[in-house]
Amino acid sequence: MTLPPPRVIAIDGAASSGKSTLARGLARRLALPYINTGLMYRALTAAALATEVSVEDEPSLIGLMQGLRFSLDDSDPRSLAVQGWPLASLVTLDVEANVSAVARHGGVRTLMRSVQRRLGEEFGAVMEGRDIGSVVFSDAPVKIYLEADPGARAQRRSAERTEVDAPGNAADGVGEALHLRDRRDAVTNPHAPADGAVVIDTTDLDAEQTLVAALAVVAARARELVP
């Protein structure tokens, strides 16, 4: 018996290419939960830093991961919540500098992907991350890959830091930190679209223009997901 495709839209792409803004906007427009999988890795990184667990110690990281609780909140759209970890604590430069090291461990990624798959299958989702369309939901009916030039991405990352008012996140150094993050991430997840993904270059697009382009993709690929 052939199972129906999951009610999941997979949004992949490099850091600060616009994944979060697009995924949140799509989720609200399509009445689906919004799941930012990057927050899951950031939560584990923050937990490791808080408990002085080495980001190279995979067994200990897996132990910490098993103690984290991921759920959906009651916001609009419903979004990923990490018990005990407010957003501002997950977007510091310390977390940014270490999250790639945490994410490269195979055992950690296996556990994360299991949680991500469960949430998507249970609730449906617009899910964003670095390997959603290629691994976690390779069977998603809609896969979108965002790209943008480095300058545009650095400007967006600086604006993100200002929005959450996270301590220790001065605009200086954001571009350099993003470049280093790209290099570290590429070791685990090469910057390439998943098979069947539609590529949208957001360098010269604002949030609304990107959303319009993505909605056209959804309408063409999975009309049943459009209310």
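Scroll up a little and you will see the structure.
Anyway, here's the lowdown on the structure attached to this text.

About the cut-offs
Residues numbered from 1 in each chain as written. Predicted model: local features only at pLDDT ≥ 70, side-chain atom pairs only at ≥ 80, totals over all residues. Heavy atoms only, no water. Helix = DSSP H or I, 4+ residues; strand = E, 2+ residues; numbered from the N terminus. Buried < 20%, exposed > 50% of the residue type's maximum accessible area, 1.4 Å probe, protein only. Contact = heavy atoms within 4.5 Å. Areas by Shrake-Rupley, 256 points an atom, 1.4 Å probe, with all protein chains shown as cover. Lys, Arg positive; Asp, Glu negative; His and termini not counted. Salt bridge = Lys/Arg side-chain N within 4 Å of Asp/Glu carboxyl O. Polar contact = N/O pair within 3.5 Å; in protein donor to acceptor, adjacent residues only side chain to side chain. Core = buried A, V, L, I, M, F, W, Y, C linked by side-chain atoms within 4.5 Å. Axes fitted to C-alpha atoms, helices over the stretch in contact; angles between N-to-C directions. Parallel < 35°, antiparallel > 145°, perpendicular 65-115°, else oblique. Left-handed = near helix turned anticlockwise from the far one by under 90°. Nonpolar A, V, L, I, M, F, W, Y, C, P; charged D, E, K, R; others polar.

Some words on the overall build of the protein
Line of reasoning, step 1. In terms of regular secondary structure, the protein is built from 9 helices and 7 strands.
Line of reasoning, step 2. Put simply, the protein has 227 residues, and 48% of those count as buried.
Line of reasoning, step 3. Contacts in the protein between residues far apart in sequence, at least 24 positions, make up 77% of those at least 6 positions apart.
Line of reasoning, step 4. By element, 53% of the accessible surface of the protein is carried by carbon and sulfur atoms, the whole surface being about 10,700 Å².

Let's talk about the side chain of Glu128
Line of reasoning, step 1. Summarising the element assignment, Glu128 is placed in strand β5 (residues 125–129).
Line of reasoning, step 2. One buried charged residue, Glu128, forms no salt bridge at all, with the nearest opposite charge on Lys19 at 4.5 Å.
Line of reasoning, step 3. Side chain to side chain, Glu128 and Tyr34 meet in a polar contact 2.7 Å long.
Line of reasoning, step 4. Setting aside anything within four residues of it in sequence, one finds Glu128 in contact with Ile11, Lys19, Ser20, Ala23, Tyr34, Ile35, Asn36, Thr37 and Gly38.

Some remarks on the nonpolar core
Here is a general trend for soluble globular proteins: nonpolar side chains tend to be buried in one another's company.
Line of reasoning, step 1. Ranked by internal contacts, the top residues of the largest apolar core, which has 35 residues, are Phe70 and Met127.
Line of reasoning, step 2. For Met127, the contacting residues outside a window of four places in its chain are Val8, Ile9, Ala10, Ile11, Ile35, Thr37, Gln116, Gly120, Ile132, Val136 and Phe137.

A word on the packing of helix α1 (residues 19–30) against helix α9 (residues 207–221)
Line of reasoning, step 1. At a minimum axis separation of 10 Å, α1 and α9 run at an interaxial angle of 55 degrees. The angle between the axes of α1 and α9 places the two elements in the oblique class. Seen from above, α1 lies across α9 with right-handed handedness. Here Thr21, Leu22, Gly25, Leu26, Arg29 and Leu30 of α1 come into contact with α9, specifically with Ala207, Glu208, Thr210, Leu211, Ala214, Leu215 and Val218.
Line of reasoning, step 2. For the contact of α1 with α9, the per-class residue count stands at 8 nonpolar, 3 polar and 2 charged.

Brief notes about the pattern of salt bridges
Line of reasoning, step 1. Scanning all chains against the criterion turns up 7 salt bridges.
Line of reasoning, step 2. Of the charged contacts in the structure, one is a salt bridge between Arg113 and Asp131, with a shortest N-O distance of 2.8 Å. On the criterion of sequence distance, the pair formed by Arg113 in helix α5 (residues 106–123) and Asp131 in the loop between β5 and α6 (132–136) is long-range, its members being 18 residues apart.
Line of reasoning, step 3. Each member of the salt-bridge network shares a partner with another, and the members are Arg109, Arg113 and Asp131.

Honestly, it's all geometry; don't read function into it.
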